[in-house]
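Geometric and topological summary
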Amino acid sequence: MSDKDSAGSATTVGGSSIVEVRTTARASFIPTIRAVASDLAARADFDLDAISDLRMAVDEACATLVDVAAPGSHLRCTFQVLPERIQVHAEVEATAGTTVSTDTFGWRVLQTLADEVAVQHLPGADGHATVGIVLDKRAGVPTR
Amino acid sequence: MLAVGGEVDTLTAPQLADDLTQLLDDDAAGTAVVDLTHVSFLASSGLAVLIRAAHRATDQGRPLHLVATARAVTRPLEVTGSDQLFEMHTTVDDVLGEPGRPSN
């Protein structure tokens, strides 16, 4: 698929495939990122509900992060395609002390859509921090 | 009736919110229908807007009818359980064809 992903890069590490997309942290680029998510899930033989769920989960994670991103910073979204599941790691640079609110409707939806989801806060230098969301989606319909 | 197309996400949800407010406030008694047949993506922000409109319609003493067939719309509604808040239909005729109902 390396001929298709001009928006990012694809490498294979230890049997899994990694695709990374980096954009300016702006809402107008999120449609591109969720399209990549949807495409990867389809190629990984996810069922149709799981493809829809991943697309929506990635959209929600990215929208949440773009909201807290420092002006002019980047949104980096890494997809690791593993057997039967895709792990997504999205992150932005934010002002130190910025947190992602997890008591929102959007976060509850994200928890419903993904099999696993977590927020990561990593303090950085110069009053900045990295805020990330890691989510995991299995190829089949989750049993809930 | 309000017909919506394209992608409903954080960029477009505010427009949908405005249109729904207009739909529900212009005629507070008629059959309120939102045709989502041509929506290709529904984000949680769009879902939240629809849910708020459903509550508004309930306050007015009527249901909010949604027309949707695409998985991009039905899956988010079902997986979050919010489909329970609406009268779901697969075609506009399903709603407007009801005997005794005016087609607005």
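Residues numbered from 1 in each chain as written. Chains lettered and ligands numbered in written order. Predicted model: local features only at pLDDT ≥ 70, side-chain atom pairs only at ≥ 80, totals over all residues. Heavy atoms only, no water.

For chain B, an unreviewed UniProt entry supplies the name Anti-sigma factor antagonist and the organism Pseudonocardia bannensis. Turning to chain B, the UniProt annotation filed under Sequence similarities (unreviewed entry) states: "Belongs to the anti-sigma-factor antagonist family." (UniProt positions renumbered as here; feature names shortened; annotations may be inferred.)

Let us now look at the overall build of chain A. What chain A contains, in helices and strands, is three helices and six strands. Element order for chain A, N to C, with α for helix and β for strand: β-β-α-α-β-β-α-β-β. Counting all 144 residues of chain A, 47% fall into the buried class. Surface summary for chain A: the accessible area is close to 7000 Å², and the carbon and sulfur share equals 48%. (Helix = DSSP H or I, 4+ residues; strand = E, 2+ residues; numbered from the N terminus. Buried < 20%, exposed > 50% of the residue type's maximum accessible area, 1.4 Å probe, protein only. Areas by Shrake-Rupley, 256 points an atom, 1.4 Å probe, with all protein chains shown as cover.)

Right, let's get into the sheet that holds strand 4 (residues 87-89) of chain B. Residue and element names in this part refer to chain B. Spatially, the four strands line up as an open sheet ordered 1-2-3-4, and their pairing is parallel. The strands lining the two open edges of the sheet, one partner per strand, are strand 1 (2-8) and strand 4. Mean inter-strand twist for the sheet, computed between neighbouring axes without regard to direction, equals 25 degrees. As judged from the four bridges shared by strand 2 (residues 32-42) and strand 3 (residues 64-67), these two strands associate in the parallel manner. Among the inter-strand pairings, V33 is bridged to a residue of strand 3, identified as H65. (Pairing = 2+ DSSP bridges. Axes fitted to C-alpha atoms, helices over the stretch in contact; angles between N-to-C directions.)

It is worth spelling out the nonpolar core at this point. Looking at soluble globular proteins, one finds that nonpolar side chains tend to be buried together. Counting residues in hydrophobic clusters, the biggest one holds 71 residues, and the most contacted among them are L75, F79 and I86 of chain A together with L20, V34, L36 and L64 of chain B. Excluding anything up to four places from it in sequence, L36 of chain B contacts V4, L50, L66, V67, A68 and V73 of chain B. (Core = buried A, V, L, I, M, F, W, Y, C linked by side-chain atoms within 4.5 Å. Contact = heavy atoms within 4.5 Å.)

What follows concerns the confidence of the model for chain B. Looking at chain B as a whole, its pLDDT mean stands at 93, while 93% of the residues score no less than 70. Mean pLDDT in chain B bottoms out at helix 4 (residues 92-96) of chain B, which sits at 90, and peaks at strand 3 of chain B, which reaches 98. (pLDDT = per-residue confidence, 0-100.)

Considering the arrangement of structural elements, one finds S52 of chain A in helix 2 (residues 48-68). Residue S52 of chain A is classed as buried on the basis of its relative accessible area, which comes to 12%. If we ignore the near neighbours within four places in the chain, the residues touching S52 of chain A are R71, A72, R75 and P76 of chain B.

With that settled, consider the pattern of salt bridges. All told, the structure shown has 12 salt bridges over all chains when counted by the stated rule. A single salt-bridge network, built from bridges that share partners, covers D49, D53 and K137 of chain A together with R71 and R75 of chain B. (Salt bridge = Lys/Arg side-chain N within 4 Å of Asp/Glu carboxyl O.)

Residue and element names in this part refer to chain A. Bridge count between strand 5 (residues 116-123) and strand 6 (residues 128-138): eight bridges; the pairing is antiparallel. Opposite H121, over in strand 6, you have V131 as the bridge partner. Hairpin connection between strand 5 and strand 6: a loop of four residues separates the two successive antiparallel strands, and D126 in this loop has a positive phi of roughly 55 degrees.

Looking now at the interface of chain B and chain A. Counting residues at the interface gives 18 residues for chain B, matched by 18 residues for chain A. Buried surface at the junction of chain B and chain A, both sides included, amounts to about 1500 Å², of which 60% is carbon and sulfur. The interface formed by chain B and chain A includes five salt bridges. Here R71 of chain B and D49 of chain A are joined by a salt bridge, their closest N and O atoms 2.6 Å apart. (Buried area = accessible area lost by both parts, 1.4 Å probe.)

The next subject is helix 2 (residues 44-59) of chain B. Residues and elements named next belong to chain B. Compared with the 22 Å implied by 1.5 Å per residue over 16 residues, the 22 Å span of helix 2 between its first and last C-alpha is a close match. Considered for burial, the residues of helix 2 that qualify are S44, S45, G46, L47, A48, V49, L50, I51, A53, A54 and A57. Phi turns positive, to about 80 degrees, at G61, one or two residues after helix 2. (Expected span 1.5 Å × (residues − 1).)

All names here are of chain B. Where helix 1 (residues 13-26) meets helix 2, the closest approach of the two axes is 9 Å, and the angle between their N-to-C directions is 15 degrees. What the angle tells us is that helix 1 and helix 2 run roughly parallel. Classified by chirality, the crossing of helix 2 by helix 1 is right-handed. Contacts between helix 1 and helix 2 involve A13, L16, A17, L20, L24 and D25 from the first element and S45, G46, V49, L50, A53, R56 and A57 from the second. (Parallel < 35°, antiparallel > 145°, perpendicular 65-115°, else oblique. Left-handed = near helix turned anticlockwise from the far one by under 90°.)

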